[in-house]
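Observations on the model geometry
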Amino acid sequence: MPELPEVETTLRGIEPYLVNRKIKRLIVRNGSLRWPVPEQLPALMAGQRILALERRAKYLLLKLASGTAILHLGMSGNLRIVEPQTPVGKHDHVDLLVQGGKLLRFNDPRRFGCLLWHSGPGQHSLLVGLGPEPLSASFDGELLYQRSRGRKAPVKTFIMDNKVVVGVGNIYANEALFGAGVRPARAAGQISLDRYRRLADEIKDVLTRAIAQGGTTLKDFVGGDGKPGYFKQQLQVYGRAGLACPVCQRSLTEVRLGQRSTVFCKSCQR
DNA sequence: CGCTGACCCTGACGGC
DNA sequence: TGCCGTCAGGGTCAGC
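Residues numbered from 1 in each chain as written. Chains lettered and ligands numbered in written order. Predicted model: local features only at pLDDT ≥ 70, side-chain atom pairs only at ≥ 80, totals over all residues. Heavy atoms only, no water.

**Describing the protein's contact with DNA strand B**
Threshold: For this description, a residue counts as near a given molecule or strand if any of its non-hydrogen atoms is within 4 Å of it. N or O atoms closer than or at 3.5 Å make up a polar contact, with two conditions inside protein: a donor-capable atom paired with an acceptor-capable one, and, for residues adjacent in sequence, both atoms drawn from side chains. Gly is placed with the polar residues, together with every amino acid not listed as nonpolar (Ala, Val, Leu, Ile, Met, Phe, Trp, Tyr, Cys and Pro) or charged (Asp, Glu, Lys and Arg).
Lys90, His91, Pro109, Arg110, Arg111, Phe112, Arg151, Lys152, Ala153 and Gln259 make up every residue found near DNA strand B. A share of 53% of the atoms of DNA strand B within 4 Å of the protein falls on sugar and phosphate groups. At 3.4 Å, a backbone N or O of Pro109 approaches a sugar or linking oxygen of DNA strand B. Between DNA strand B and the protein, one listed contact pairs a phosphate oxygen with a backbone N or O atom of Lys152 at 2.5 Å. In terms of residue class, the surface near DNA strand B is made up of 3 nonpolar, 2 polar and 5 charged.

**A word on the sheet that holds strand 7 (residues 103-107)**
How we decide: When DSSP locates at least two bridges between a pair of strands, those strands are taken to pair. Comment: elements are numbered from the N terminus, with helices defined as DSSP H or I runs of at least four residues and strands as E runs of at least two. The convention used is that axes are lines fitted to C-alpha atoms, helices contributing only their stretch in contact, and that angles between N-to-C directions extend from 0 to 180 degrees. Residues count as neighbours in contact if any of their non-hydrogen atoms are within 4.5 Å of one another.
Reading across the sheet, the 4 strands line up as 1-6-7-5 and stay open at both edges, with antiparallel pairing between neighbours. Edge positions in the sheet fall to strand 1 (23-28) and strand 5 (78-82), since each of these pairs with one other strand and no more. When the angles between neighbouring strand axes are averaged without regard to direction, this sheet yields 15°. Pairing analysis gives 5 bridges linking strand 1 to strand 6 (residues 92-98), with the strands arranged antiparallel. By the bridge assignment, Arg25 is partnered in strand 6 with Leu97. Across the face of the sheet, helix 1 (residues 4-18) comes into contact with strand 5, strand 6 and strand 7 while running at roughly 35° to strand 5.

**A closer look at the pairing of strand 3 (residues 59-64)**
For clarity, the cut-off: Partly exposed residues are those whose accessible area sits between 20% and 50% of the maximum for their type, while under 20% is buried and over 50% is exposed, using a 1.4 Å probe and protein chains only.
Of all the 6 residues making up strand 3, 5 are buried; the element is thus mostly covered by neighbouring parts of the structure. Looking at chain direction, strand 2 (residues 52-56) and strand 3 are connected through 5 bridges and run antiparallel. Paired with Arg55 across the two strands is Leu60, which belongs to strand 3. Count of turn residues in the strand 2/strand 3 antiparallel hairpin: 2 residues, of which Ala57 carries a positive phi of about 55°. Here strand 3 runs beside strand 4 (residues 67-72); their pairing, made up of 6 bridges, is antiparallel. The partner of Tyr59 across the bridge, within strand 4, is His72. Linking strand 3 back to strand 4 in an antiparallel pair, the connection comprises 2 residues.

Spelled out as C-alpha coordinates, the structure:
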(Lines give C-alpha, C1' and ligand atoms only; values in the text may rest on other atoms or scores of the structure.)
Protein backbone atom coordinates (compact mmCIF):
# COMPACT_ATOMS: atom_id res chain seq x y z
CA MET A 1 0.00 0.00 0.00
CA PRO A 2 2.29 2.75 1.06
CA GLU A 3 5.02 3.96 -1.20
CA LEU A 4 7.00 7.09 -0.45
CA PRO A 5 4.19 9.54 -1.27
CA GLU A 6 1.77 7.66 0.97
CA VAL A 7 4.27 7.59 3.84
CA GLU A 8 4.94 11.30 3.35
CA THR A 9 1.19 11.99 3.30
CA THR A 10 0.79 10.01 6.50
CA LEU A 11 3.64 11.91 8.14
CA ARG A 12 2.12 15.28 7.28
CA GLY A 13 -1.28 14.15 8.49
CA ILE A 14 -0.20 12.92 11.91
CA GLU A 15 2.69 15.29 12.69
CA PRO A 16 0.57 18.18 14.03
CA TYR A 17 -0.98 15.89 16.64
CA LEU A 18 2.26 14.41 17.87
CA VAL A 19 5.21 16.78 17.84
CA ASN A 20 6.01 18.40 21.16
CA ARG A 21 3.42 16.28 23.01
CA LYS A 22 4.11 13.85 25.76
CA ILE A 23 3.37 10.16 25.31
CA LYS A 24 0.89 8.94 27.87
CA ARG A 25 0.91 5.31 26.96
CA LEU A 26 1.92 2.84 24.25
CA ILE A 27 -0.41 -0.13 23.91
CA VAL A 28 0.79 -3.12 21.93
CA ARG A 29 -2.10 -5.49 21.27
CA ASN A 30 -0.26 -7.65 18.78
CA GLY A 31 3.49 -7.28 18.65
CA SER A 32 3.92 -10.01 16.09
CA LEU A 33 4.88 -7.85 13.13
CA ARG A 34 7.69 -8.27 10.58
CA TRP A 35 9.94 -8.38 13.61
CA PRO A 36 8.58 -8.60 17.14
CA VAL A 37 7.84 -5.26 18.76
CA PRO A 38 10.37 -4.98 21.63
CA GLU A 39 8.80 -6.06 24.92
CA GLN A 40 10.18 -3.08 26.79
CA LEU A 41 8.97 -0.48 24.27
CA PRO A 42 5.91 0.70 26.23
CA ALA A 43 8.10 1.34 29.28
CA LEU A 44 10.75 3.06 27.15
CA MET A 45 8.32 5.46 25.53
CA ALA A 46 5.82 6.28 28.27
CA GLY A 47 6.10 9.78 29.68
CA GLN A 48 8.51 11.01 27.03
CA ARG A 49 8.03 14.00 24.77
CA ILE A 50 7.99 13.54 20.99
CA LEU A 51 10.67 15.90 19.76
CA ALA A 52 10.22 15.38 16.05
CA LEU A 53 8.71 13.19 13.38
CA GLU A 54 10.85 12.35 10.37
CA ARG A 55 10.78 10.16 7.31
CA ARG A 56 13.76 8.22 5.95
CA ALA A 57 12.96 6.11 2.88
CA LYS A 58 9.60 4.57 3.85
CA TYR A 59 10.43 4.53 7.54
CA LEU A 60 8.76 6.93 9.95
CA LEU A 61 10.98 8.00 12.83
CA LEU A 62 9.61 9.23 16.15
CA LYS A 63 12.42 11.08 17.84
CA LEU A 64 12.43 11.05 21.62
CA ALA A 65 15.14 12.26 23.95
CA SER A 66 16.29 8.75 24.78
CA GLY A 67 16.06 7.22 21.32
CA THR A 68 14.04 6.77 18.17
CA ALA A 69 11.00 4.64 17.44
CA ILE A 70 11.18 3.26 13.90
CA LEU A 71 7.93 2.45 12.16
CA HIS A 72 7.32 0.89 8.75
CA LEU A 73 3.91 0.39 7.16
CA GLY A 74 4.84 -2.62 5.05
CA MET A 75 2.34 -3.46 2.33
CA SER A 76 -0.90 -2.92 4.16
CA GLY A 77 -0.21 -0.72 7.17
CA ASN A 78 -1.75 2.60 7.97
CA LEU A 79 -1.66 5.16 10.74
CA ARG A 80 -4.66 7.19 11.80
CA ILE A 81 -5.30 9.86 14.37
CA VAL A 82 -8.51 8.92 16.17
CA GLU A 83 -10.41 9.80 19.32
CA PRO A 84 -9.30 7.67 22.30
CA GLN A 85 -12.72 6.04 22.71
CA THR A 86 -12.78 4.78 19.09
CA PRO A 87 -13.61 1.06 19.19
CA VAL A 88 -10.69 -1.23 18.47
CA GLY A 89 -11.03 -2.98 15.11
CA LYS A 90 -9.47 -6.00 13.51
CA HIS A 91 -5.71 -5.62 12.93
CA ASP A 92 -5.45 -2.53 15.15
CA HIS A 93 -2.12 -3.70 16.57
CA VAL A 94 -0.68 -0.64 18.30
CA ASP A 95 -2.03 2.54 19.93
CA LEU A 96 0.02 5.55 20.95
CA LEU A 97 -1.93 7.73 23.35
CA VAL A 98 -0.60 11.28 23.58
CA GLN A 99 -1.12 14.26 25.78
CA GLY A 100 -4.04 16.35 24.55
CA GLY A 101 -6.32 13.37 24.15
CA LYS A 102 -5.55 12.10 20.66
CA LEU A 103 -4.62 8.58 19.74
CA LEU A 104 -2.31 7.36 16.97
CA ARG A 105 -3.55 3.95 15.82
CA PHE A 106 -1.51 1.50 13.76
CA ASN A 107 -3.50 -0.98 11.67
CA ASP A 108 -1.81 -3.56 9.47
CA PRO A 109 -3.69 -6.65 8.19
CA ARG A 110 -0.68 -8.39 6.66
CA ARG A 111 1.73 -7.46 9.44
CA PHE A 112 4.65 -6.80 7.10
CA GLY A 113 5.16 -3.52 8.93
CA CYS A 114 7.37 -3.08 11.97
CA LEU A 115 7.85 -1.01 15.12
CA LEU A 116 11.38 -1.00 16.49
CA TRP A 117 13.56 1.04 18.80
CA HIS A 118 17.02 2.48 18.44
CA SER A 119 19.13 4.34 20.95
CA GLY A 120 22.75 5.22 21.25
CA PRO A 121 25.17 6.46 18.62
CA GLY A 122 24.85 5.82 14.91
CA GLN A 123 21.90 4.53 12.98
CA HIS A 124 19.72 1.49 13.27
CA SER A 125 21.03 -1.31 11.06
CA LEU A 126 17.93 -1.08 8.85
CA LEU A 127 18.83 2.50 7.94
CA VAL A 128 22.54 2.00 7.40
CA GLY A 129 23.43 1.62 3.74
CA LEU A 130 20.25 3.13 2.36
CA GLY A 131 20.65 5.11 -0.86
CA PRO A 132 19.80 8.81 -1.20
CA GLU A 133 16.32 10.24 -0.94
CA PRO A 134 14.86 10.53 -4.44
CA LEU A 135 13.70 14.11 -3.90
CA SER A 136 17.08 15.31 -2.64
CA ALA A 137 19.73 17.03 -4.71
CA SER A 138 22.10 14.10 -4.18
CA PHE A 139 19.88 11.91 -6.36
CA ASP A 140 20.24 12.46 -10.09
CA GLY A 141 20.90 10.79 -13.44
CA GLU A 142 24.65 10.76 -12.90
CA LEU A 143 24.22 8.69 -9.75
CA LEU A 144 22.00 6.16 -11.52
CA TYR A 145 24.43 5.99 -14.41
CA GLN A 146 27.49 5.44 -12.26
CA ARG A 147 25.87 2.90 -9.95
CA SER A 148 24.48 0.89 -12.86
CA ARG A 149 27.68 0.24 -14.81
CA GLY A 150 28.24 -3.46 -15.29
CA ARG A 151 24.87 -4.44 -13.89
CA LYS A 152 22.68 -6.86 -15.72
CA ALA A 153 19.52 -6.71 -13.64
CA PRO A 154 16.48 -5.06 -15.25
CA VAL A 155 16.47 -1.28 -14.88
CA LYS A 156 13.15 -1.50 -13.03
CA THR A 157 14.63 -3.84 -10.41
CA PHE A 158 17.65 -1.53 -10.22
CA ILE A 159 15.69 1.64 -9.42
CA MET A 160 13.64 -0.26 -6.82
CA ASP A 161 16.83 -1.28 -4.99
CA ASN A 162 16.99 0.71 -1.74
CA LYS A 163 20.77 0.70 -1.79
CA VAL A 164 20.65 2.67 -5.05
CA VAL A 165 17.82 5.08 -4.24
CA VAL A 166 15.09 4.75 -1.62
CA GLY A 167 11.36 5.12 -1.88
CA VAL A 168 10.72 4.01 -5.47
CA GLY A 169 8.10 1.29 -5.15
CA ASN A 170 6.29 -0.73 -7.77
CA ILE A 171 3.64 1.79 -8.77
CA TYR A 172 6.00 4.71 -9.24
CA ALA A 173 8.76 2.62 -10.85
CA ASN A 174 6.27 1.64 -13.55
CA GLU A 175 5.09 5.21 -13.94
CA ALA A 176 8.56 6.78 -14.06
CA LEU A 177 9.82 4.28 -16.65
CA PHE A 178 6.81 5.04 -18.82
CA GLY A 179 7.35 8.77 -18.46
CA ALA A 180 11.00 8.38 -19.42
CA GLY A 181 10.28 6.06 -22.35
CA VAL A 182 12.52 3.31 -20.95
CA ARG A 183 11.67 -0.37 -21.21
CA PRO A 184 11.56 -1.93 -17.71
CA ALA A 185 13.38 -5.14 -18.65
CA ARG A 186 16.44 -3.49 -20.19
CA ALA A 187 19.70 -4.26 -18.43
CA ALA A 188 20.53 -1.38 -16.09
CA GLY A 189 24.14 -1.31 -17.23
CA GLN A 190 23.24 -0.68 -20.86
CA ILE A 191 21.34 2.55 -20.45
CA SER A 192 22.95 5.86 -21.38
CA LEU A 193 23.57 8.85 -19.13
CA ASP A 194 21.06 10.95 -21.03
CA ARG A 195 18.32 8.44 -20.49
CA TYR A 196 19.18 8.11 -16.79
CA ARG A 197 18.96 11.90 -16.47
CA ARG A 198 15.47 11.75 -17.90
CA LEU A 199 14.55 8.80 -15.68
CA ALA A 200 15.77 10.54 -12.52
CA ASP A 201 13.74 13.62 -13.49
CA GLU A 202 10.65 11.46 -14.01
CA ILE A 203 11.09 9.75 -10.64
CA LYS A 204 11.25 13.14 -8.92
CA ASP A 205 8.32 14.43 -10.92
CA VAL A 206 5.97 11.50 -10.36
CA LEU A 207 6.74 11.33 -6.62
CA THR A 208 6.26 15.09 -6.23
CA ARG A 209 2.95 15.03 -8.07
CA ALA A 210 1.75 12.04 -6.06
CA ILE A 211 2.59 13.75 -2.77
CA ALA A 212 0.68 16.84 -3.94
CA GLN A 213 -2.36 14.60 -4.53
CA GLY A 214 -2.12 12.97 -1.13
CA GLY A 215 -0.74 9.70 -2.47
CA THR A 216 -2.34 6.86 -4.39
CA THR A 217 -5.33 5.04 -2.94
CA LEU A 218 -5.72 1.67 -4.63
CA LYS A 219 -7.90 -0.05 -2.10
CA ASP A 220 -7.90 1.45 1.31
CA PHE A 221 -5.00 3.81 1.80
CA VAL A 222 -5.91 6.84 3.90
CA GLY A 223 -3.66 9.58 5.22
CA GLY A 224 -3.38 10.40 8.90
CA ASP A 225 -6.49 12.54 8.51
CA GLY A 226 -8.51 9.62 7.11
CA LYS A 227 -8.72 10.98 3.58
CA PRO A 228 -7.82 8.87 0.53
CA GLY A 229 -5.16 9.89 -2.01
CA TYR A 230 -6.19 11.09 -5.41
CA PHE A 231 -3.20 10.15 -7.56
CA LYS A 232 -4.82 6.97 -8.86
CA GLN A 233 -6.61 8.92 -11.55
CA GLN A 234 -3.26 10.05 -12.91
CA LEU A 235 -1.65 6.62 -13.21
CA GLN A 236 -0.62 6.04 -16.83
CA VAL A 237 0.30 2.35 -16.81
CA TYR A 238 0.12 0.76 -13.36
CA GLY A 239 -2.96 -1.43 -13.10
CA ARG A 240 -3.83 -0.76 -16.77
CA ALA A 241 -2.51 -3.86 -18.55
CA GLY A 242 -4.46 -4.55 -21.72
CA LEU A 243 -5.89 -1.03 -21.81
CA ALA A 244 -4.85 1.65 -24.27
CA CYS A 245 -1.54 3.48 -23.85
CA PRO A 246 -2.45 7.07 -23.00
CA VAL A 247 0.04 8.31 -25.59
CA CYS A 248 -0.19 5.98 -28.61
CA GLN A 249 -3.36 3.99 -27.80
CA ARG A 250 -1.65 0.66 -28.30
CA SER A 251 -2.54 -2.04 -25.77
CA LEU A 252 -0.30 -1.96 -22.66
CA THR A 253 1.76 -5.08 -21.95
CA GLU A 254 2.23 -6.81 -18.58
CA VAL A 255 5.22 -8.92 -17.54
CA ARG A 256 6.71 -9.94 -14.22
CA LEU A 257 10.12 -8.66 -13.16
CA GLY A 258 11.52 -9.66 -9.79
CA GLN A 259 8.10 -11.08 -8.86
CA ARG A 260 6.51 -7.68 -9.41
CA SER A 261 3.83 -6.83 -11.90
CA THR A 262 5.29 -4.63 -14.60
CA VAL A 263 3.21 -2.73 -17.15
CA PHE A 264 4.62 -0.85 -20.11
CA CYS A 265 4.01 0.25 -23.70
CA LYS A 266 5.96 -1.65 -26.34
CA SER A 267 6.00 1.28 -28.71
CA CYS A 268 6.57 4.21 -26.34
CA GLN A 269 9.21 2.47 -24.20
CA ARG A 270 12.45 1.23 -25.74
C1' DC B 1 29.80 -8.54 -5.12
C1' DG B 2 25.23 -9.18 -7.99
C1' DC B 3 21.19 -11.61 -8.97
C1' DT B 4 17.06 -14.65 -8.25
C1' DG B 5 13.50 -16.63 -5.81
C1' DA B 6 11.40 -18.04 -1.30
C1' DC B 7 9.21 -16.16 2.36
C1' DC B 8 6.61 -13.36 5.98
C1' DC B 9 0.68 -12.65 6.34
C1' DT B 10 -4.27 -11.57 5.44
C1' DG B 11 -7.84 -10.60 2.29
C1' DA B 12 -9.98 -9.98 -2.21
C1' DC B 13 -11.26 -11.96 -6.39
C1' DG B 14 -12.14 -15.19 -10.26
C1' DG B 15 -13.05 -19.89 -11.84
C1' DC B 16 -15.18 -24.12 -11.03
C1' DT C 1 -22.36 -21.37 -1.18
C1' DG C 2 -17.60 -22.96 -0.81
C1' DC C 3 -13.01 -24.34 -2.11
C1' DC C 4 -8.74 -23.35 -4.54
C1' DG C 5 -5.30 -20.81 -6.81
C1' DT C 6 -3.50 -16.26 -7.67
C1' DC C 7 -2.40 -11.78 -6.64
C1' DA C 8 -1.45 -7.38 -3.80
C1' DG C 9 1.44 -0.93 -2.69
C1' DG C 10 7.08 -3.96 1.31
C1' DG C 11 11.47 -5.76 2.45
C1' DT C 12 15.03 -9.39 4.14
C1' DC C 13 17.52 -13.31 3.53
C1' DA C 14 19.69 -17.64 1.73
C1' DG C 15 21.87 -19.70 -1.97
C1' DC C 16 24.17 -19.74 -6.22
